[in-house]
2 protein chains.
Amino acid sequence: EALLAEAAEPGAPARPCPCPLPSGDTALSRLVRRLLSARRSLDLCLFSFSCPQLARAVQLLHRRGVRVRLVTDAQYMGLHGSQIGRLRHAGIQVRHDQHSGYMHHKFAIVDRRMLITGSLNWTAQAIQSNRENVLVVEDAEYVKAFQEEFERIWEEYNPANYRFF
Amino acid sequence: EALLAEAAEPGAPARPCPCPLPSGDTALSRLVRRLLSARRSLDLCLFSFSCPQLARAVQLLHRRGVRVRLVTDAQYMGLHGSQIGRLRHAGIQVRHDQHSGYMHHKFAIVDRRMLITGSLNWTAQAIQSNRENVLVVEDAEYVKAFQEEFERIWEEYNPANYRFF
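As annotated in an unreviewed UniProt entry, chain A is Mitochondrial cardiolipin hydrolase from Emberiza fucata. Turning to chain A, the UniProt record has this under Sequence similarities (unreviewed entry): "Belongs to the phospholipase D family. MitoPLD/Zucchini subfamily." In the Catalytic activity (unreviewed entry) part of its UniProt record, chain A is described as follows: "a cardiolipin + H2O = a 1,2-diacyl-sn-glycero-3-phospho-(1'-sn-glycerol) + a 1,2-diacyl-sn-glycero-3-phosphate + H(+)".

If you want it as structure tokens, here you go:
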């Protein structure tokens, strides 16, 4: 399934639920619903993460007992509006690169069976203003390749492996 | 098929061909081979395009008579190292957005049957230094969604539709 998000998508209709998660049928609410379908694990590999609604969804999963792991880019995680500090503070495991190049992936894997990937950085600017694509893929071959990439990065960015000069 | 490019990939072996296209078995040479398989059309939707080797491959296809169309982001097409001017000069049709938001897609469609998409901007920095992913997809459902997005953008960015204020 390909979810193609366009700038100026119509807003969500009035909703009775008072929770701070997006609802209705916007690209963002569809993305959140996919994430909230996680029951056991959520592996996140995100260049940039500043969207509060997506951070809330990730925190909710963490509180539910889903195992959340997050790898991100060292140069972007400290930028204004980044949600990384908040997620770390909530007890979510976060690892980051140590390179001058960017950790430029933007993908999530739900329960090791659903891959969510595309051009979309998890920022409010991207969701509100950009032309972006997000692919939701359950084909095992693709999921496996990204899961393996995640595990490689997770190990490589393990603080126990940091090199000191 | 998922092509996962990693920084510091081993270089190509010595090669007899004097052409300026990448060869060997690097992620870049595999990407170029996919592009050069085009026989009729190549639709490019690229946020940023500054990689000379990829620009050469696109020009080669244009010279072979493949119909190349390119849409790009207005704010990035004028940056240092951009290949957009060179491709326009070679006679390739280029259209760009008129928005403050980014045209942030990074995909190519070969002969309306093969989708190449991912996190990778077509820049030398991304190819040499970043952690990136590129998906090659021939599943008709995905190709159709991206082809439709391409046609929407191509029409929307038609200069005949520019609004003057």
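1. Overview of the overall build of chain A
The number of helices and strands found in chain A is six helices and seven strands. Listed by position from the N terminus, the elements making up chain A come as β-α-β-α-β-α-α-β-β-β-α-β-α. Here chain A holds 165 residues, and 53% of them are scored as buried. Relative to all contacts within chain A whose residues are 6 or more apart in sequence, the contacts with residues 24 or more apart total 71%. A total accessible area of about 7600 Å² is found for chain A, and carbon and sulfur atoms account for 53% of it.

2. A short note on the packing of aromatic side chains
Residue and element names in this part refer to chain A. This model, assessed by the stated rule, comprises 12 aromatic pairs over all chains. Residues Phe49 and Trp122 carry aromatic rings whose centres are separated by 5.3 Å and whose planes lie at 80° to one another, so their mutual orientation is edge-to-face. One end of the pair, Phe49, is in the loop between β2 (41-46) and α2 (52-63); the other, Trp122, is in the loop between β6 (114-118) and α5 (124-129), with 73 residues separating them in the sequence. Each member of the pair, Phe49 together with Trp122, is buried.

3. Examining the relation of the copies chain A and chain B
One copy of the chain maps onto the other through a rotation about an axis followed by a shift along the same axis. At an RMSD of 0.0 Å, chain A and chain B line up after a rotation of 180° and a shift of 0.0 Å along the axis. Between the two chains, the operation in question is that of a two-fold axis.

4. Observations regarding empty space enclosed by the protein
For the structure shown, the criterion picks out two cavities of 30 Å³ or more. Quantified by volume, the largest cavity comes out at close to 40 Å³. In this structure, the largest cavity is lined by Leu31, Lys106, Ile116, Thr117, Gly118, Ser119, Leu120, Trp122 and Val134 of chain B. Among the elements that take part in the lining of the largest cavity, strand β6 (residues 114-118) of chain B stands out by supplying three residues, more than any other. There is about 30 Å³ of room inside the second largest cavity. The wall of the second largest cavity is formed by Lys106, Ile116, Thr117, Gly118, Leu120, Trp122 and Val134 of chain A. Grouping the amino acids of the lining of the second largest cavity by side-chain chemistry returns four nonpolar, two polar and one charged.

5. With respect to the layout of surface pockets
Gaps left between atoms show up when a probe the size of a water molecule is rolled over them. Its volume calculated, the largest pocket comes out at about 710 Å³. In terms of lining residues, the largest pocket is bounded by 36 residues, among which Tyr76 and His104 of chain A together with Phe47, Tyr76 and Asn121 of chain B are the most central. Listed by contribution, the elements that provide at least two residues to the lining of the largest pocket are α5 of chain A together with α3 (74-77) and α5 (124-129) of chain B.

6. Describing the interface of chain A and chain B
Many structure descriptions define interface size as the accessible area lost when the parts assemble. The interface of chain A with chain B comprises 33 residues on the first partner and 33 residues on the second. Between Arg131 of chain A and Glu149 of chain B there is a salt bridge, with the nearest N and O atoms lying 3.2 Å from each other. Within the residue set of the side of chain A that touches chain B, elements represented by two or more residues are β1 (2-5), β5 (106-110), β6, α5, β7 (132-137) and α6 (140-156) of chain A. Counting residues per element, the side of chain A that touches chain B draws most heavily on α6 of chain A, at eight residues.

7. Things to note about the packing of helix α1 (residues 27-36) of chain A against α2 of chain A
All names here are of chain A. For the pair α1 and α2, the least separation of the axes is 10 Å and the interaxial angle reads 15°. On the basis of the axis angle, α1 is roughly parallel to α2. Taken as a pair, α1 and α2 cross one another with a handedness that is right-handed. Judged by residue contacts, Leu28, Leu31, Val32, Leu35 and Leu36 of α1 engage Gln53, Leu54, Ala57, Leu60 and Leu61 from α2. Across the contact of α1 with α2, the residue classes break down as nine nonpolar, one polar and no charged.

8. Quick notes on the pairing of strand β7 (residues 132-137) of chain B
All names here are of chain B. In terms of residue burial, β7 counts as a mostly covered element, since six of its six residues are buried. Looking at chain direction, β6 and β7 are connected through four bridges and run antiparallel. Across the sheet, residue Thr117 finds its bridge partner in β7, namely Leu135.

Criteria and thresholds
Residues numbered from 1 in each chain as written. Chains lettered and ligands numbered in written order. Predicted model: local features only at pLDDT ≥ 70, side-chain atom pairs only at ≥ 80, totals over all residues. Heavy atoms only, no water. UniProt positions renumbered as here; feature names shortened; annotations may be inferred. Helix = DSSP H or I, 4+ residues; strand = E, 2+ residues; numbered from the N terminus. Buried < 20%, exposed > 50% of the residue type's maximum accessible area, 1.4 Å probe, protein only. Contact = heavy atoms within 4.5 Å. Areas by Shrake-Rupley, 256 points an atom, 1.4 Å probe, with all protein chains shown as cover. Phe/Tyr/Trp six-rings, centres within 6.5 Å; stacked < 30°, edge-to-face > 60°. Least-squares fit on C-alpha atoms with pLDDT ≥ 70 in both. 1 Å grid on protein atoms, 1.4 Å probe; cavity = no way out; pocket = protein on both sides within 12 Å on 5 of 7 lines; lining within 4 Å. Points joined across faces, edges and corners; volume = space filled by probe spheres on them. Nonpolar A, V, L, I, M, F, W, Y, C, P; charged D, E, K, R; others polar. Salt bridge = Lys/Arg side-chain N within 4 Å of Asp/Glu carboxyl O. Axes fitted to C-alpha atoms, helices over the stretch in contact; angles between N-to-C directions. Parallel < 35°, antiparallel > 145°, perpendicular 65-115°, else oblique. Left-handed = near helix turned anticlockwise from the far one by under 90°. Pairing = 2+ DSSP bridges.

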